[in-house]
Amino acid sequence: GANIRFEDVHFAYDPNREILKGISFEVPAAATVAIVGPSGAGKSTISRLLFRFYDVTSGRITIDGQDIRAVEQESLRSAIGMVPQDTVLFNDTIGYNIRYGRWEASDDEVREAAGMAQVDHFIEQLPEGYDTPVGERGLKLSGGEKQRVAIARTILKAPPILIFDEATSALDTATEQEIQQALDLVSRDRTTLIIAHRLSTVVNADRIIVLQDGRIAEQGTHGELMLRG
Ligand code: ADP
Ligand code: ADP
């Protein structure tokens, strides 16, 4: 696994409004760290910086000791697997949507990844709302099923780093728990950053960082944070 470090990272989308105000933390190789905090705190900004959609204003981000400003965006995209809040599917079969994780994968590998995420039964089908053949209707996927497609894609891609950005926030409680279990399996032995609204959804993280208004307000394990109230 890869080790990620944020070292006194400052960031502003626009020069007169700083969004990240000097944050430092580490995600040790193969560990799971969660960033929680209210909407607008700067959580998703952290994931955008990791992909180098933007570069830090000051401070630095390293992966395995290397400043990511020296790493091509393309390499970061292949090293990082992302499960977003709402997975948007392409206009093609579910199998193709999974293959997007790694084009060179064999059909067997696609099927295996689909099986692990429990979406193998509709791998040949097209999602509803896309260009289905005349007379056919696409498959209506629930929010949880779409997240399973994203998980299958990530299993196939097998990147060293994972980001789950509010990956269960749009789901009802029962589905959230199911998808959470699937995400826990995928993240085992991989360096994982979870972005979440609520502490209750990241109980199993090795470390939880509470972000408030661009600063780390507190951090610890779930148990430690609960004790402090
Ligand atoms: P969170 O994920 O914690 O809800 P974000 O990282 O998405 O927070 O956003 C933090 C702040 O940055 C918010 O005030 C948001 O409005 C602002 N912001 C996000 N994206 C942009 C952007 N592209 N340009 C300017 N401001 C932005
Ligand atoms: P937002 O929360 O505003 O969607 P994100 O930081 O989650 O911002 O992502 C910004 C954009 O980049 C989104 O359109 C997202 O789908 C895309 N994106 C995120 N991760 C990847 C990835 N691994 N490969 C390609 N595109 C990605």
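Bear in mind that the values here come from a model prediction, so they are computed numbers and not experimental data.

Caption draft 1: Broad picture of the confidence of the model for the protein chain. Summing up the model confidence of the protein chain, the mean pLDDT is 94 and the portion of residues at 70 or higher is 100%. Overall fold confidence for the complex sits at a pTM of 0.87, while the interface term, ipTM, reaches 0.71.

Caption draft 2: Seen up close, the sheet that holds strand S10 (residues 215–220). Pairing within the open sheet is mixed, and its six strands lie in the order S6-S7-S8-S3-S9-S10. Strand pairing shows two members of the sheet lacking a second neighbour, strand S6 (80–83) and S10, which therefore form its edges. Pairwise comparison of adjacent strand axes, ignoring direction, gives a mean angle of 20° for this sheet. Here strand S3 (residues 32–36) runs beside strand S8 (residues 191–196); their pairing, made up of five bridges, is parallel. Residue pairing across strands places valine 33 opposite leucine 193, the latter belonging to S8. Here helix H1 (residues 43–50) sits on the sheet and contacts S3, S6, strand S7 (161–165), S8 and strand S9 (207–212); the angle it forms with S8, its principal contact strand, is near 145°.

Caption draft 3: Summary view of the pattern of salt bridges. Evaluation of the coordinates by the stated rule reveals 13 salt bridges. For arginine 60, the salt bridge is made with glutamate 7, and the minimal N-O distance between the two is 2.9 Å. You can see arginine 60 sitting in strand S4 (residues 58–63) and its partner glutamate 7 sitting in strand S1 (residues 4–11), a full 53 residues away along the chain. A relative accessible area of 32% means that arginine 60 is categorised as partly exposed. Between glutamate 109 and arginine 102 there is a salt bridge whose closest N-O contact spans 3.7 Å.

Caption draft 4: Quick look at the site of ligand 1. As a structural note, the neighbourhood of ligand 1 is formed by 13 residues, with Arg17, Gly40, Lys43, Ser44 and Thr45 the closest of them. Between ligand 1 and glycine 42 there is a distance of 3.0 Å, counted from an oxygen atom to a backbone nitrogen or oxygen. Here an oxygen atom of ligand 1 sits 2.5 Å away from a polar atom, N or O, in the side chain of threonine 45. A total of 570 Å² of accessible area belongs to ligand 1 in isolation, and the protein chains cover 66% of it. Looking at side-chain class alone, the shell around ligand 1 contains five nonpolar, five polar and three charged residues.

Caption draft 5: Quick look at unusual backbone geometry. In this structure, alanine 30 is a non-glycine residue whose phi angle is positive, near 70°. Take alanine 30: it is sitting in the loop between strand S2 (20–27) and S3. Even without being glycine, aspartate 64 reaches a positive phi, approximately 50°. For aspartate 64, a relative accessible area of 53% puts it in the exposed group.

Caption draft 6: Structural detail: the sheet that holds S4. If you walk across this open sheet you meet the four strands as S2-S1-S4-S5, and the pairing is antiparallel. Of all the strands in the sheet, just S2 and strand S5 (66–67) have a single pairing partner and so form its edges. Two elements, S1 and S2, share six bridges in a ladder whose sense is antiparallel. Within S2, the position partnered with valine 9 by the bridge is isoleucine 23. In this fold H1 packs onto S1, S2 and S4, with an angle of close to 115° to the strand it touches most, S1.

Caption draft 7: Expanded view of the environment of alanine 79. As for its position among the elements, alanine 79 is in helix H2 (residues 73–79). Beyond its immediate sequence surroundings of up to four residues, alanine 79 is in contact with Pro159, Pro160 and Ile161.

Caption draft 8: Representation of the nonpolar core. In this structure, Ile98 and Val119 are the most contacted members of the largest nonpolar core, which totals 36 residues. Listed by contribution, the elements that provide at least two residues to this core are S3, helix H3 (94–99), helix H4 (107–116), helix H5 (143–157), S7, helix H6 (173–187), S8 and S9. Element by element, the count of residues in this core is highest for H5, at five residues. The contacts of valine 119, once residues within four sequence positions are left out, are Ile98, Ala114, Glu145, Arg148, Val149 and Ala152.

Caption draft 9: How the structure looks around the side chain of aspartate 165. Here aspartate 165 shows up in strand S7. No salt bridge is formed by the buried aspartate 165; its nearest oppositely charged neighbour, arginine 48, is found at 6.0 Å. Residues contacting aspartate 165, with those up to four places away along its chain left out, are Ser44, Ser47, Met82, Val83, Pro84, Gln85 and Ile195.

The rules behind these values
Residues numbered from 1 in each chain as written. Chains lettered and ligands numbered in written order. Predicted model: local features only at pLDDT ≥ 70, side-chain atom pairs only at ≥ 80, totals over all residues. Heavy atoms only, no water. pLDDT = per-residue confidence, 0-100. Pairing = 2+ DSSP bridges. Helix = DSSP H or I, 4+ residues; strand = E, 2+ residues; numbered from the N terminus. Axes fitted to C-alpha atoms, helices over the stretch in contact; angles between N-to-C directions. Contact = heavy atoms within 4.5 Å. Salt bridge = Lys/Arg side-chain N within 4 Å of Asp/Glu carboxyl O. Buried < 20%, exposed > 50% of the residue type's maximum accessible area, 1.4 Å probe, protein only. Near = heavy atom within 4 Å. Polar contact = N/O pair within 3.5 Å; in protein donor to acceptor, adjacent residues only side chain to side chain. Areas by Shrake-Rupley, 256 points an atom, 1.4 Å probe, with all protein chains shown as cover. Nonpolar A, V, L, I, M, F, W, Y, C, P; charged D, E, K, R; others polar. Core = buried A, V, L, I, M, F, W, Y, C linked by side-chain atoms within 4.5 Å. Lys, Arg positive; Asp, Glu negative; His and termini not counted.

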